[in-house]
Amino acid sequence: MSSHSSDSMPAVSRSVKDLRENVSSWRKHGLKVAFVPTMGALHEGHLSLVELARNKADKVVASIFINPRQFAAHEDLDTYPRNETEDLMKLVTAGCDLAFLPDAEEMYPQGYSTSVAVDGLSRDLCGLSRPHFFGGVATVVCKLLNQCQPDIAIFGEKDYQQLLVIKRMVRDLDMPVSIIGGPIIREEDGLAMSSRNAYLSSAEREVAGKLNRIMTSAINEIATGADIQVTLQRATNTLLTEGFDRVDYFELRRKADLSFIDKGTLPAAQLDTARLFAAVIIGKTRLIDNMPLSGT
Ligand code: PAF
């Protein structure tokens, strides 16, 4: 069985077999299980998901697995921040009962040959510049959900497209789990918390903080009747003059299916259907963010 939890560490499972034994013993006692998948380098955003899980279930499992299948060869797999001991201490404080820490061999044993692809949704926005990404995410999340078999699983709205891809996969494959989104947690200047913020130099960090203000004013303009295309283009120009090196996308989309809203103005009655999505590059770091138009 898993190593025992102490006051400062949760119990840890490193094998699927051990994870399943723990979860099935809880289920036998009628306990509801929530699952929070992560890649570690935990920050308050992740911990808020664990706390949400705690409020919705009797037992909370969190996984830490840096999934090689969602990184392209030129991306940051090798340098992705790793800090197991600190992460475990944070998890126990946030209310996690069991940490699942498989290694790559446990997840993708010799001869592994199955992929999950969620068409449509995966090809847009981040999928355009990271074509490998959502296939890698869908594959590992499908495996993690099958391994853990939780009642609910929680994913951050910071990765909103990922959340929709996972919801679609779960619906399409009839997986018996409810997927719940947790709100974005922000730094004081509004920068969405992300493990990749650690890559930013202090000058880059200062620039990164401006994203929130530029997104918020674009939202306010569109919500008060400004032309969508004009507003998005002006905001993109502002990002570039304020120090961002590149804007991958800065777009208004329907929150249900990510379809484009790019013409004319947005009627007040439709505000609640829209979300602003941004991906920007500063130096070597790519940051993503998104915001609802109505504040809900
Ligand atoms: O959002 C993440 O941290 C990852 O994409 C996830 C969902 C844990 C899959 O590796």
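All of the points below concern the structure found in this document. This is a predicted model, so every value here is computed, not measured.

Across all of its chains, the model carries 20 salt bridges by this definition. In this structure, aspartate 189 engages arginine 205 in a salt bridge whose closest nitrogen and oxygen atoms are separated by 2.8 Å. Remark: arginine 205 occurs in helix H8 (residues 202–208) and aspartate 189 occurs in the loop between strand S6 (178–182) and H8; sequence separation between them is 16 residues. For aspartate 189, a relative accessible area of 35% puts it in the partly exposed group. By relative accessible area, arginine 205 is classed as partly exposed at 24%.

Turning our eyes to something else, we now look at the nonpolar core. Of all hydrophobic cores here, the largest spans 45 residues; its most connected members are Val61, Val141, Leu145, Met169, Val170 and Ile179. Every element with two or more residues in this core is listed here: helix H1 (16–28), strand S2 (33–38), strand S4 (98–100), helix H6 (133–148), strand S5 (152–156), helix H7 (160–172) and strand S8 (274–282). In terms of residue count, the dominant contributor to this core is H6 (10 residues). In this view, valine 61 contacts Leu19, Val23, Trp26, Val33, Ala34, Phe35, Val36, Cys96, Leu98, Phe100 and Cys148; residues no more than four positions away in its chain are not counted. If you look at the next biggest cluster of nonpolar residues, it comprises 29 residues, including Ile228, Phe244, Val247 and Leu271.

Right, let's talk about the site of the ligand for a bit. Around the ligand sit Pro37, Thr38, Met39, Asn67, Gln70, Val137, Val140, Val141, Phe155, Asp159 and Gln162, and that is every residue in its neighbourhood. Interatomic distance of 2.7 Å between a side-chain N/O atom of glutamine 70 and an oxygen atom of the ligand. Notes on the ligand: free accessible area 290 Å², of which the protein chains cover 89%. The element that contributes the greatest number of residues to the shell around the ligand is H6, accounting for three residues.

On to the sheet that holds strand S1 (residues 11–13). Reading across from one edge, S1-S4-S3-S2-S5-S6 is the order of the six strands in this open sheet, with parallel pairing throughout. What marks the edges here is a single partner per strand, and that holds for S1 and S6. On average, each strand axis in the sheet is tilted by 25° relative to the strand beside it, whichever way the strands run. Across five bridges, the pairing between S5 and S6 is parallel. Within the sheet, the bridge partner assigned to isoleucine 154 lies in S6 and is isoleucine 180. Running at roughly 150° to S4, H1 makes contact with S1, S2, strand S3 (59–64) and S4 of the sheet. Here H6 sits on the sheet and contacts S2, S3, S4, S5 and S6; the angle it forms with S2, its principal contact strand, is near 150°.

Quick look at the packing of H1 against H6 now. Describing two packed helices takes the angle between their axes plus the distance from one axis to the other. Direction vectors running N to C along H1 and H6 enclose 50°, while the axes themselves pass 8 Å from each other. One element, H1, and the other, H6, form an angle in the oblique class. Counting all contacts with H1, which are made through Val16, Leu19, Arg20 and Val23, the residues of H6 involved are Asn146, Gln147 and Cys148. Among the residues making up the contact of H1 with H6, the classes are represented as four nonpolar, two polar and one charged.

Conventions used here
Residues numbered from 1 in each chain as written. Predicted model: local features only at pLDDT ≥ 70, side-chain atom pairs only at ≥ 80, totals over all residues. Heavy atoms only, no water. Salt bridge = Lys/Arg side-chain N within 4 Å of Asp/Glu carboxyl O. Helix = DSSP H or I, 4+ residues; strand = E, 2+ residues; numbered from the N terminus. Buried < 20%, exposed > 50% of the residue type's maximum accessible area, 1.4 Å probe, protein only. Core = buried A, V, L, I, M, F, W, Y, C linked by side-chain atoms within 4.5 Å. Contact = heavy atoms within 4.5 Å. Near = heavy atom within 4 Å. Polar contact = N/O pair within 3.5 Å; in protein donor to acceptor, adjacent residues only side chain to side chain. Areas by Shrake-Rupley, 256 points an atom, 1.4 Å probe, with all protein chains shown as cover. Pairing = 2+ DSSP bridges. Axes fitted to C-alpha atoms, helices over the stretch in contact; angles between N-to-C directions. Parallel < 35°, antiparallel > 145°, perpendicular 65-115°, else oblique. Nonpolar A, V, L, I, M, F, W, Y, C, P; charged D, E, K, R; others polar.

Nothing here speaks to function; it is geometry throughout.
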